[in-house]
Amino acid sequence: MRLGILTGGGDCPGLNAVIRAAAVHTVRTYQNQMLGFEDGWLGLLKSRVRELDLPAVKGILPRGGTILGTSRVDPFREEGGVQAVRDAFGLHELDGLLVCGGDGTLAAAARLHAEGLPIVGIPKTIDNDVPGTDCTFGFDTALEHVVRAVDALHTTAESHDRVIVLEVMGRSTGWLAVSAGIAGGADVVVAPEHPTSVHDVCTYIRHRLARGRYFSIVVVAEGATFVPDPDGKALEVQHRVDPFGRPRYGGVGELLAREIESRLRIETRTVTLGYVQRGGTPTPFDRLLGTRMGIAAVDLAVAKRFGRMVSLQGGCITSVELAVVGQGPRPVTPELYEAAKVFFG
Ligand code: F6P
């Protein structure tokens, strides 16, 4: 049997753990061959491929990013893309393809499987928003970066009696913002699933001022939106669109900081954490989850259980229909948000 693997969408820590585990399990356990396609779907479209034998995956476990490279290219948006993917299966004599991605990459994978191609999905993203799994690898490492930032910002904000607004990634979900808010002890968290008003954010900060706490840390998710203030006006956040038609987030933190400063007359600064969140060496949790998912994906392919996505449920690795990604991003659970809210203001 000859298998292939690709990594698509935004990179995240733990991808190399998946690649290593999938290659080693394929070669050692099953005496099969594994091909690595470079730069996501582009590797199939442009025949950018290399064999992933044991030496090829040596030493990659602790490395962030993906040794295969990645892109946001979608075969369904490319002229003749779907036929080119189909042809690549024939050209490289592929019996199965492991597709490691977030919602965009996995949505394309699900559609290709529906068209008859033998595909297994592996969910990844720092955003933690893929439906059908309790958690994605990459999230834990990103969360650690954000919590370290919140810790560091506390000491400087407190020294200067400032408000600091930290903008974090997560697209249309607030997993990173809410989790880091709880673990870092933020004073307010603004998440897309729970739109709030600038008035309410300022009220929480006022409560702290009244208690003699002259600094505050506000964590805002990049995809957050605001409901109107009592006067009926709402803070408008507009995002650009990237070449793949997806919102390119960024800027909500600065907008919110300006509003806080002008309303409360308290010095307010913004930090946008950006790509730091996606980088660096994966945590043990992400290495472990990536490894377990890589092994499980190979087992599914060898058993010819295509059209499945590996998944973590209740601490165990299992699988779900790949089509589950059609449900759209998995929102933050109400319980998690309520836990953060206990500490607002
Ligand atoms: O989906 C992961 C993610 O890092 C999001 O949190 C962020 O909005 C987006 O990717 C950034 O994408 P790009 O790498 O295309 O700028």
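**Describing the side chain of Asp-286**
Item 1. Within the secondary structure, Asp-286 is located in helix H9 (residues 284–302).
Item 2. For Asp-286, which is buried and forms no salt bridge, the nearest opposite charge comes from Arg-287, at a distance of 8.5 Å.

**What about the site of the ligand?**
Item 1. Looking at the ligand, the residues that line it are Arg-72, Thr-125, Ile-126, Asp-127, Met-169, Gly-170, Arg-171, Glu-222, Tyr-249, Tyr-275 and Arg-278.
Item 2. Residue Gly-170 places a main-chain N or O atom 3.2 Å away from an oxygen atom belonging to the ligand.
Item 3. Contacts to the ligand include Glu-222, whose side-chain N or O atom sits 2.5 Å from an oxygen atom.
Item 4. For the ligand, whose accessible area on its own is 400 Å², the fraction buried by protein is 83%.
Item 5. Of the residues contributing to the shell around the ligand, the split by class is 4 nonpolar, 2 polar and 5 charged.
Item 6. For the shell around the ligand, the two domains that each supply at least three residues are domain 1 (2–138 + 282–327) and domain 2 (143–277).

**Thoughts on the sheet that holds strand E1 (residues 2–7)**
Sheet strands pair via backbone hydrogen bonds, and the direction of the pair is either parallel or antiparallel.
Item 1. Sheet architecture is open: 7 strands sit in the order E3-E2-E1-E4-E5-E12-E13, paired in mixed fashion. Single-partner strands in this sheet number two, and they are strand E3 (49–51) and strand E13 (316–321). Here the average twist between neighbouring strands, direction ignored, is 30 degrees.
Item 2. Bridge count for E1 against strand E4 (residues 96–101) is 5 bridges, and the pairing is parallel. Residue pairing for E4: Leu-6 is matched across the bridge by Val-99.

**Comments concerning the domain arrangement of the chain**
Item 1. You can read the domains of the chain as domain 1 (2–138 + 282–327) and domain 2 (143–277).
Item 2. Between the C-alpha centres of domain 1 and domain 2 there is a distance of 34 Å.
Item 3. In this assembly, 9 residues from domain 1 lie in contact with 13 residues from domain 2.
Item 4. When the two sides are added together, the surface that domain 1 and domain 2 hide from each other amounts to roughly 1000 Å², 49% of it contributed by carbon and sulfur.
Item 5. When residues of domain 1 are sorted by the area they lose upon contact with domain 2, Arg-72, Ile-126 and Asp-127 head the list and together hold 50% of the total.
Item 6. The interface formed by domain 1 and domain 2 contains 2 salt bridges.
Item 7. At the boundary of domain 1 and domain 2, one finds 4 residue pairs in polar contact (both at pLDDT 80 or more).
Item 8. When grouped by side-chain class, the residues that make up the side of domain 1 that touches domain 2 number 2 nonpolar, 2 polar and 5 charged.

Cut-offs applied
Residues numbered from 1 in each chain as written. Predicted model: local features only at pLDDT ≥ 70, side-chain atom pairs only at ≥ 80, totals over all residues. Heavy atoms only, no water. Helix = DSSP H or I, 4+ residues; strand = E, 2+ residues; numbered from the N terminus. Buried < 20%, exposed > 50% of the residue type's maximum accessible area, 1.4 Å probe, protein only. Lys, Arg positive; Asp, Glu negative; His and termini not counted. Salt bridge = Lys/Arg side-chain N within 4 Å of Asp/Glu carboxyl O. Near = heavy atom within 4 Å. Polar contact = N/O pair within 3.5 Å; in protein donor to acceptor, adjacent residues only side chain to side chain. Areas by Shrake-Rupley, 256 points an atom, 1.4 Å probe, with all protein chains shown as cover. Nonpolar A, V, L, I, M, F, W, Y, C, P; charged D, E, K, R; others polar. Domains from an automatic or database assignment. Pairing = 2+ DSSP bridges. Axes fitted to C-alpha atoms, helices over the stretch in contact; angles between N-to-C directions. Contact = heavy atoms within 4.5 Å. Buried area = accessible area lost by both parts, 1.4 Å probe.

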